[in-house]
Amino acid sequence: MVVSNNCKKEEIPKQKLSTSSISDITQVSVTCGGNITDDGGSFITGRGVCWNTVQMPTLSDNKTSDGFDTGIFTSKITGLTTNTTYYVRAYATNNSGTAYGNEISFILLMNVAGPVVADPDGNSYNSVIIGTQVWLKENLKTTKYNNGDLIGTTTPATLDISNESLPKYQWGYDGNESNVTTYGRLYTWYAVTDDRRICPTGWHVPDDDDWETLKTFLCGSGSNVAGGKLKEISTNHWISPNTGATNETGFTARPGGSRYYTGVFYYLGTYSYWWSTTENGAYNAWIRIIYNSYEYLGKDYNYNKNGLSVRCIKD
């Protein structure tokens, strides 16, 4: 009897590649990819990324297919859920097998408690993590800048300030301090952008890009339903119908209304208006709006002398 042993030594894939960092983060998707710097001496027959909720994902797990060449490639990972840790690796396949890049992990945080902070008046605020950002869960209430200086107000609250060029004021809606606990205060843009700062230390008034990052995380390139995800549920503060409100973010938007520079207050219960620090011309700045009867997060501009709410974001 003749015994022949013809075992073939298994080849180790020699492709060299790395996994790209995570970008374009939304509530359900991210962009990743990789860079193949060496094909291992054989034509690349497949490339992409693979991912799973356990470490060291392989082609047996979720994967993308993104071409057949060396160099940098981009992959879109979709169908994700929030508050779940994912692991991802780039891969490259040739005749000798599949090689993998370094593993990276990510988690799409939403409605996760952030730090508790206080303003110079001693008001305490809870915060919430939404995507890559940390937001206060309430509108700002302070009557002081961070150095302790008072932010001015008018007496009565309906005083016309149209003749002032750089009015720096704050008010409770209708001049009624009982509204402040629920809705926060209304500030002119000039007070909002004063160098003494009105947000707690380590926080700032968002610019327009900050607001856009929030909207993109919640909606991506799809329908703008960010307003519904940010609105407090129920009609305790919102006037019916409070369309689309889920508050799944924990942002808890309430309709604080606005103050026109002539001293008239409008829209308590129907509109949330928030300043950004981004100017739009000499006398206006970009703002964000949520309405009781719509579920989108609107963008507009407003006159700098008007009084609007402020929602602070962590530096």
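Reading across the sheet, the 3 strands line up as 19-20-21 and stay open at both edges, with antiparallel pairing between neighbours. The sheet is open, and its two edges are formed by strand 19 (271-279) and strand 21 (297-303), each paired on a single side. Neighbour-to-neighbour, the strand axes of this sheet turn through a mean angle of 35°, independent of strand direction. Where strand 20 (residues 284-291) meets strand 21, 7 bridges bridge the pair, whose relative direction is antiparallel. For I287, the partnering residue across the bridge sits in strand 21 and is D300.

The predicted model of the protein averages 95 in pLDDT, with 97% of residues at 70 or higher. Contacts for the low-pLDDT stretch residues 1-10, under 50 throughout, to residues beyond four places or in other chains number 0 contacts.

This brings us to the side chain of E232. Within the element layout of this structure, E232 appears in the loop between helix 4 (226-230) and strand 17 (258-259). Setting aside its immediate chain neighbours within four residues, E232 contacts H237, W238, N242, A245, N247, T252, A253 and R254.

If you walk across this open sheet you meet the 3 strands as 1-2-5, and the pairing is antiparallel. Two strands in the sheet have a free side with no partner beyond their single neighbour: strand 1 (16-19) and strand 5 (71-77). Strand-to-strand twist across the sheet, computed as the mean angle between neighbouring axes with direction ignored, equals 20°. Here strand 2 (residues 30-38) pairs with strand 5 via 7 bridges, running antiparallel. Bridge assignment links G34 to a residue of strand 5, and that residue is F73.

All right, on to the side chain of T270 then. Assignment of secondary structure puts T270 in the loop between strand 18 (265-266) and strand 19. The buried category is assigned to T270, whose relative accessible area is 15%. Contact partners of T270, with chain neighbours within four places excluded, come to W238, I239, P255, I290, Y291 and N292.

Quick notes on the rules
- Residues numbered from 1 in each chain as written.
- Predicted model: local features only at pLDDT ≥ 70, side-chain atom pairs only at ≥ 80, totals over all residues.
- Heavy atoms only, no water.
- Pairing = 2+ DSSP bridges.
- Helix = DSSP H or I, 4+ residues; strand = E, 2+ residues; numbered from the N terminus.
- Axes fitted to C-alpha atoms, helices over the stretch in contact; angles between N-to-C directions.
- pLDDT = per-residue confidence, 0-100.
- Contact = heavy atoms within 4.5 Å.
- Buried < 20%, exposed > 50% of the residue type's maximum accessible area, 1.4 Å probe, protein only.

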